[in-house]
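As a plain string of letters, each chain reads:
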Amino acid sequence: MADSLVHRGPDACGFFHDPEAGVRLGHRRLFVLDISGGAQPMENHAGDVVVVYNGEIYNHAELRAELVARGSRFSSSHSDTEVIVHGYEQWGMELPSRLNGMWAFAVYDKKRRGLFLSRDRFGEKPLFYAASRGAFVFASELSALRKHPAVSAEISQKGLAKYLAYGYVPAPASLCEGVSKLCPGENLWVDLDGPKISRRTFYRYSIRPDRSLPPRPSPETAEELCALLSDAVRIRLEADVPLGVLLSGGVDSGAVAAMAARHAGANRVRTFSMGFREKTFDESGKARSLARSLATDHREFLLSMDGARDLCPEIVARLDEPLADSSLIPTYVLCREVRREVTVALSGDGGDELFAGYDPFKALALADLYDRAVPRPVHRAVSLLASRLPVSHRNISLDFALKRTLRGLSHHRKLWNAVWMGPLGPEELCALFPFSVEEIYEDAIACWDSCPSPDLTDRTQEFFTHLYLGNDILVKADRASMMHSLELRAPFLDVRLADFASRLPAGYKFARGRGKRILKQALSRVLPRSVLDAPKKGFGAPVGPWFAQGFLPLAENGLLDRGFVSRMLSEHRKHKADHRLFLWAAYVLFAHAENR
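What counts, and at which threshold
- Residues numbered from 1 in each chain as written.
- Predicted model: local features only at pLDDT ≥ 70, side-chain atom pairs only at ≥ 80, totals over all residues.
- Heavy atoms only, no water.
- Helix = DSSP H or I, 4+ residues; strand = E, 2+ residues; numbered from the N terminus.
- Expected span 1.5 Å × (residues − 1).
- Bend = angle between axes of the 7 residues up to and from the residue.
- Buried < 20%, exposed > 50% of the residue type's maximum accessible area, 1.4 Å probe, protein only.
- Contact = heavy atoms within 4.5 Å.
- Pairing = 2+ DSSP bridges.
- Axes fitted to C-alpha atoms, helices over the stretch in contact; angles between N-to-C directions.
- Phe/Tyr/Trp six-rings, centres within 6.5 Å; stacked < 30°, edge-to-face > 60°.
- Lys NZ or Arg CZ within 6 Å of the ring centre and 35° of its normal.
- Nonpolar A, V, L, I, M, F, W, Y, C, P; charged D, E, K, R; others polar.
- Core = buried A, V, L, I, M, F, W, Y, C linked by side-chain atoms within 4.5 Å.

Engineer: Would you explain helix α8 (residues 305-317) in this entry?
Structural biologist: Here α8 spans 19 Å end to end across 13 residues, near enough to the 18 Å set by a 1.5 Å rise per residue. When the local axis directions of α8 are compared, the greatest deviation, roughly 40°, occurs at Leu311, which is followed within four positions by the proline Pro313. Taken as a whole, α8 has its buried residues at Met305, Ala308, Arg309, Leu311, Cys312, Ile315 and Val316. Along its buried surface, α8 packs onto β13 (270-276), β14 (297-303), α9 (328-338), α23 (543-548) and α25 (580-594).

Engineer: Explanation requested: the sheet that holds strand β9 (residues 179-181) in the structure shown.
Structural biologist: Pairing between sheet strands relies on hydrogen bonds along the backbone, with the strands arranged either parallel or antiparallel. The antiparallel open sheet is built from three strands, whose spatial order is β8-β7-β9. Looking at strand neighbours, the two that pair on one side only are β8 (135-139) and β9, the edges of this open sheet. With strand direction ignored, the average angle separating the axes of adjacent strands in the sheet is 25°. Bridge count between strand β7 (residues 128-132) and β8: five bridges; the pairing is antiparallel.

Engineer: I would appreciate a short explanation of the sheet that holds β13 in the present structure.
Structural biologist: In space, the five strands of this open sheet follow the order β14-β13-β12-β15-β16, with parallel pairing throughout. What marks the edges here is a single partner per strand, and that holds for β14 and β16 (487-489). Pairs of neighbouring strands in the sheet enclose a mean axial angle of 30°, with direction left out of account. Bridging between strand β12 (residues 243-246) and β13 involves three bridges; their strand directions are parallel. Following the sheet pairing, Gly244 is matched in β13 by Arg270. Where α9 meets the sheet, its contacts fall on β12, β13, β14 and β15 (344-346), and the angle it forms with β13 comes to roughly 140°.

Engineer: Sorry, what's going on with the packing of aromatic side chains here?
Structural biologist: For any pair of aromatic rings, the description consists of the separation of the ring centres together with the inter-plane angle of the planes. A complete count under the given rule lists 22 aromatic pairs for this structure. Consider the rings of Phe272 and Phe301, whose centres lie 6.2 Å apart with planes at 5°: the pair is stacked. Residue Phe272 is found in strand β13, and its partner Phe301 is found in strand β14; the two are separated by 29 residues along the sequence. Given a relative accessible area of 13%, Phe301 falls into the buried group. Summarising the aromatic geometry, the rings of Phe355 and Phe492 are spaced 6.4 Å apart at their centres and angled 70° between planes, so their arrangement reads as edge-to-face. Remark: Phe492 occurs in the loop between β16 and α19 (495-502) and Phe355 occurs in the loop between α10 (351-354) and α11 (360-373); sequence separation between them is 137 residues. Accessibility classification places Phe355 together with Phe492 in one group, the buried group. Ring pairing ties together the aromatic residues Tyr358, Phe361, Phe463, Phe464, Tyr468 and Phe510, which thus form one cluster. Above the face of the Trp189 ring, Arg112 is positioned so that its terminal group lies 4.4 Å from the ring centre.

Engineer: Can you walk me through the packing of helix α4 (residues 157-166) against helix α17 (residues 442-450) in this structure?
Structural biologist: Packed helix pairs are characterised by how far apart their axes lie and by the angle those axes make with each other. For the pair α4 and α17, the least separation of the axes is 10 Å and the interaxial angle reads 65°. Contact with α4, carried on its side by Lys158, Lys162 and Tyr166, involves Glu442, Asp443 and Ala444 of α17 and no other residues of that element. Of the residues assigned to the contact of α4 with α17, the class counts are two nonpolar, no polar and four charged.

Engineer: I would appreciate a short explanation of the pairing of β7 in the present structure.
Structural biologist: Remember that side chains alternate between the two faces of the sheet whenever the strand is regular. From the end of β7 to the start of β8, which pair antiparallel, there are two residues, and Arg133 there has a positive phi angle of about 55°. Here β7 runs beside β9; their pairing, made up of three bridges, is antiparallel. Bridging across to β9, Tyr129 finds its partner in Ser180.

Engineer: Would you mind showing me how to read the nonpolar core here?
Structural biologist: Nonpolar side chains in soluble globular proteins generally cluster together in the buried interior. If you look at the biggest cluster of nonpolar residues, it comprises 167 residues, and the most contacted ones within it are Tyr441, Leu523, Phe582 and Trp584. Residue contributions to this core peak at twelve residues, all from helix α18 (residues 456-482). Beyond its immediate stretch of four places on either side in the chain, Phe582 contacts Leu164, Pro423, Leu424, Leu560, Phe564, Val565 and Met568. Core analysis: the next-biggest nonpolar cluster, separate from the first, contains 17 residues, Val23, Tyr108, Tyr129 and Leu182 among them.

Engineer: Is there a simple way to explain the environment of Arg112 in this structure?
Structural biologist: With respect to the helices and strands, Arg112 occurs in the loop between β5 (101-109) and β6 (114-119). Note: C-alpha distance between Arg112 and Val49 (63 residues apart in sequence) is 9.9 Å. Discounting residues that sit within four places of it in the chain, Arg112 has contacts with Tyr88, Met93 and Trp189.

Engineer: What is the right way to look at unusual backbone geometry in this model?
Structural biologist: Excluding glycine, residues mostly carry a negative phi; peptide bonds, for their part, are mostly trans. Going from Gln40 to Pro41, the amide bond is cis rather than trans, its omega being -5°. Looking at the secondary structure, you find Pro41 in the loop between β2 (23-29) and β3 (42-43). Positive phi, close to 60°, is recorded for Ala295, a residue that is not glycine. Mapping Ala295 onto the fold places it in the loop between α7 (284-294) and β14. Residue Ala295 is classed as partly exposed on the basis of its relative accessible area of 49%.

Honestly, it's all geometry; don't read function into it.
Right, dumping it as C-alpha cells:
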C-alpha cells in the first residue's frame, strides 16, 4: 500500500505496528517543512498517541505556542505534524476545529483503543476507507486501498451512476463497492473493540448572508477581504523547499501572485504558466504580461494539442478514481514542469466557488424567468427546435451551451446545476441504471435543500462549494500535482477567508451579469484593470473534436451498455449531437478499468 503511494511521498517512508491491537500505520513523506524533525509515523513522549498525516497546518506556529504554554514538550523545531500529536493530547476530537490548513490524518489513541481520522474543511486532501472482512483500512488514494486483501475490487453501480451524472463520484460514495470517502469537514472514530465506526461533521461551509450589511459592498468591507486574502497567502509561503505560484493571468491566480510578491520582500516570487501552440487556446500572453507587471521570476511552458492528446492514456491510467474533467490534461503537464523547479506551489483554486465566478451564475436570471414563464409543452417545443441547430464541436459553442441550458430547465431547479454540467441527463441515467432520479442526484438535492437562503445565486454556490469544488476541482489539483510530488496550496480556502465570504449577500458576489464583484473591488489597487475586466476562460482540452475526428478510441469493456456507447459516439462523429462530456467520461472510465 505504501509503495503504491510513492509519488505522493518520494522522500521518506515509515511504519508503525502494534501487534497486540492489530494496528499498522504506513506513511510516505514529501519533504516540505522541518525536514530533519518531521518523520512519520510520529509518536508523543508517552508513546500512546501515534499520527500519520498528509497536508499542511498553516497556523501551526500559533498552536505550538499555545500548547507549550499548556505544558506540551516538543521535540522538533517547527514540525506541523507534532502540533497534531500534542494538539490531540490537549483537545482530543475538537482538534480539527482549531486547525487552519489542509489535511487528512489518522491518530491512533492507545488509551482509548481507537483510531481518529479527520479530513480538512473543503477536501483538499483525500481520504478513502473501507470496513470489511474484520478489517478497517484507509489510504490517501483508492489505488492504495485496493492493495489490501480485505478491500473488494467490485465496481459500485451506484457510484458509477453518480460518476456519469456529475463527472465525478461525490463523497462519501466511491466507484469501488464497500469503499467510502471521508467527506470534507468530517471526522471519523473507529472503536477497535467494536469494531464500531462513527462519523461527525465538524465544519460545513454554509451561505448565511449578513442582513445588516448595506446593499452594496463598502470600501471597508472590500479592504477587509483584501487583508484576509493577503494574510492567507502570507502563511502559505512557509516552506523549507523552493516555492512558486501557478499563474493563469486571471483574477484568482493573479491575486495570489500579487500578494505573494508583496510578502516576498527582496526575493522574487517564481510564477509559472501554461501556454498552447494553438492560438485559439493560448492565453499565456496574459500571464506573461501580469508577471511582468508584478516583477516575478516567470516561467512559461508550451504544449501543443497533439501533444496533449498523446498524453491522455498516460494521465488517465494514473488516476486512482475516474474524473471526467478534461482540464486535468493541461494541469498535469503544468505540474510536471513546475515540479522541476519547486516543491510547493500556490494556486487560485476556490475563488470561483466562493465569489460566484462560473458561467452558470450568468444563466440564473434568464433561467429563472424562463422557468416561471414558459409552460412545459412550450418548453418541449423550444427544446425540439434547439435540437435542430447545427452541431459544432468547438469549445463552449453556442449550440452546446443552449442545448445544455434547455436540458437542465427540463427538470426541477434542484437539478439544474448537476444536469447542466453532467455527462448524462436523468432520462439516460434512469434507462441505464436501476436507480431513481432522487437516488442518483441525492447530493445535488441535499445541497439545494440545506441552503438557508432562497436566493438562486446562494443555492448555486452551495452546489459549487459542496460538490464541484471538493469532488472535482480539488481532486484534479491534488492528483495532477501529487502525481509529480508537487504540493499545491489554495489561499482562497483559508478558513477565515471562507467564513467571511459565507456571510456576504449574493449581490456582493454576483451583480449585473458579472461575478466576483467584491473580490474585484478589493483587488482594484492590486491588479491591472485589464485583468479584472477580462472574461473568464476555462482551462480545458478540445475533446469534442478529438472524438469527432476519431483521435480518441473507446475501448468498451462491458461497464456500460455497448449499444448506448456506440450510438452516442456515432451521433457525435456525424455531428448529429454533441456528446463530448459523456464520451470523455466513458474514455476515462474504460481506461481506468483497464488499468485497475
